[in-house]
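# Survey of secondary and tertiary structure
Each chain, letter by letter, is given below.
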Amino acid sequence: MTALISLDLAEWREWASAETQDLAVKTIEGGGVLILPRLAFILMGSERRFLSAQWSDDKAKNISFDGRTLKGARGSVSDLTDLSRMVSRFAQCAADLVSALFPRYAPFVLSARTSFRPQPAVGRAVSWRKDDSRLHIDAFPSRPNRGERILRVFSNVSPDEDRVWRVGDRFEAVARKFLPRIGRQLPGSARLLATLRVTKGLRSEYDHLMLALHDRAKADLDYQKSCPQQVVRFPPGSTWLCFSDQVMHAAVSGQYMFEQTIHLPVSALYDPSSSPLATLERLRGKPLL
Ligand code: SIN
Ligand code: FE
C-alpha cells in the first residue's frame, strides 16, 4: 500500500532536523504521500474574494502562473494583479517548504508552474483520458520529460470542505500489472510527433511507457474499482506533497486548492533507484532514454 506519513510542521519556513528530512525524503521518494495537517496557506483578508469559481475563464480548469503570466483567469486588471500576487506567494511558500525538507531539491524549486484551482475537483465533462477522478500517475502527452520527476505540493484553502483523493497501489505493482500489455514505441513516431509539434521535444521510450500506464489504468474500469486503494481526506488548512508521476491518485471531491509543480532531474534525487525511470528500466531490462 502507498504510505501516508504526517509531519507536524506549522510554518512554511520552519527549520527541519536531519531526522525530519530523512523521513520526508524516504516518504516521497519511496512513493508515499507526505501530509502536513497543520501547515495552512492563509489567505489575506482581500484574497478571500478569490474563493469563487467565477475567477476561472471557463476555458481552463485551473488558474496558473509561471512567474510572469497568469493564465485561465478573468477579472479586472487589479483583480488579476492581486490573483498573481496570491499565487506567487503560494509558490514562494512551497519553495521554502521543499528547500527546508529536501535541501538537494532547492535549486529546482522555482522552475515550474503554480496553480490555483477554484473549480470543484470533479464534475466537469471531460474525456476518460483527462478524467482525474480515475486513478492515474501524471504523464502528459504533449510534454515528454525523459525521466524528469514531477513533485507536487498541494494545499487545501477551502473554508469548510476536505479535499478527498483515492490513492492507489505502489508504482511498481501498477507497472508490473500493465507493462506486459504495452507494446513498443513505433519507430519514427517520436520524431514525427515532435515535427508536427504534437509534443514539445522527442517522446522517449520512458515517456511512451508512462503515458501508456496513465492511459491503461484510466481505461480499465475493473481495475479502477478493484485495485488496492484507500480514500484520503485532506482537511481545510492542510498541505501535502508527493511525486505525482509515481503515486496513483484520483480526485474524489473538494474545491479551492493550490498546487505547485517542481520538476527535478533524476540526478537530484537522494535515491535515483526509487524513480519510475529506474523501476521501468529494471522491469523492461534495458535503458529507456
Ligand atoms: C490530480 O492532480 O490528478 C487531481 C488532484 C485534485 O484535483 O485534487
Ligand atoms: Fe494527476
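Residues numbered from 1 in each chain as written. Chains lettered and ligands numbered in written order. Predicted model: local features only at pLDDT ≥ 70, side-chain atom pairs only at ≥ 80, totals over all residues. Heavy atoms only, no water.

## Some remarks on the pairing of strand β6 (residues 149–156)
Consecutive residues of a regular strand have side chains that alternate between opposite faces of the sheet. Counting buried residues along β6, 8 of its 8 residues qualify, which places the element largely inside the surrounding structure. Of the two faces of β6, both are covered, the one formed by Arg149, Leu151, Val153 and Ser155 as well as the one formed by Ile150, Arg152, Phe154 and Asn156. Judged from the 5 bridges that link them, β6 and strand β9 (residues 239–243) form a sheet pairing that is antiparallel. Bridge pairing links Phe154 to Trp240 in β9. (Buried < 20%, exposed > 50% of the residue type's maximum accessible area, 1.4 Å probe, protein only. Helix = DSSP H or I, 4+ residues; strand = E, 2+ residues; numbered from the N terminus. Pairing = 2+ DSSP bridges.)

## A word on the side chain of Arg163
Within the secondary structure layout, Arg163 lies in strand β7 (residues 163–167). Of the side chains bearing the opposite charge, Glu161 lies closest to the buried Arg163, which forms no salt bridge; the N-O distance is 7.6 Å. Not counting residues up to four positions away in its chain, the partners in contact with Arg163 are Arg117, Ala121, Asn156, Val232, Arg233, Phe234, Trp240, Ser253, Gly254, Gln255, Tyr256 and Met257. (Lys, Arg positive; Asp, Glu negative; His and termini not counted. Salt bridge = Lys/Arg side-chain N within 4 Å of Asp/Glu carboxyl O. Contact = heavy atoms within 4.5 Å.)

## Here we look at a nonpolar patch on the surface
A cluster of nonpolar side chains, contributed by Leu192, Leu196 and Val198, occupies part of the molecular surface with about 290 Å² of accessible area. If you trace the backbone, Leu196 turns up in the loop between α4 (189–195) and α5 (205–219). According to the relative accessible area criterion, Leu196 is exposed, its value standing at 57%. (Patch = residues over 30% accessible without salt bridge, like charges linked within 9 Å, V, L, I, M, F, W, Y side chains within 5 Å. Areas by Shrake-Rupley, 256 points an atom, 1.4 Å probe, with all protein chains shown as cover.)

## Let's talk about the site of ligand 1
Taken together, the residues surrounding ligand 1 are Arg117, Asp132, His136, Arg163, Trp165, His249, Ala251 and Met257. Contacts to ligand 1 include His136, whose side-chain N or O atom sits 2.9 Å from an oxygen atom. A distance of 2.8 Å is found between an oxygen atom of ligand 1 and a side-chain nitrogen or oxygen belonging to Arg163. In isolation ligand 1 has 250 Å² of accessible area, and contact with the protein removes 98% of it. If you list the elements that add at least two residues to the shell around ligand 1, you get β7 and β10 (249–253). The residue makeup of the shell around ligand 1, split by class, is 3 nonpolar, 2 polar and 3 charged. (Near = heavy atom within 4 Å. Polar contact = N/O pair within 3.5 Å; in protein donor to acceptor, adjacent residues only side chain to side chain. Nonpolar A, V, L, I, M, F, W, Y, C, P; charged D, E, K, R; others polar.)

## Topic: the nonpolar core
In terms of nonpolar packing, the biggest core is built from 66 residues, with Phe102 and Leu280 touching the most fellow members. In terms of residue count, the dominant contributor to this core is helix α2 (residues 77–101) (10 residues). In this view, Phe102 contacts Ala24, Val25, Ile28, Leu34, Leu241 and Tyr270; residues no more than four positions away in its chain are not counted. Membership of the second largest hydrophobic core comes to 11 residues, among which are Phe234, Trp240, Cys242 and Val247. (Core = buried A, V, L, I, M, F, W, Y, C linked by side-chain atoms within 4.5 Å.)

## Some thoughts on the coordination of the iron ion (ligand 2)
Angles between donor atoms at a metal ideally measure 109.5 degrees for a four-coordinate tetrahedral arrangement and either 90 or 180 degrees for a six-coordinate octahedral one. Protein-derived coordination of the iron ion (ligand 2) comes from His136 (NE2), Asp138 (OD) and His249 (NE2), at a distance range of 2.2 Å. Coordination at the iron ion (ligand 2) is irregular, judged from the 4 donor atoms that bind it and the angles of 86 to 169 degrees they form at the metal. Classification of Asp138 by relative accessible area gives buried; the value is 7%. Assessed through its relative accessible area of 8%, His249 is described here as buried. (Donors = N, O, S within 2.8 Å, 3.2 Å for Na, K, Ca; no water. Tetrahedral: all angles 85-135°; square planar, octahedral: opposite > 155°, others 65-115°.)

## Quick look at the sheet that holds strand β4 (residues 70–71)
With mixed pairing, the 8 strands of this open sheet are ordered in space as β1-β2-β9-β6-β11-β5-β3-β4. Each edge of the sheet is formed by a strand with only one pairing partner; in this case those strands are β1 (4–6) and β4. The pairing of strand β2 (residues 33–36) with β9 spans 3 bridges and is classified as antiparallel. Within β9, the position partnered with Leu34 by the bridge is Leu241.

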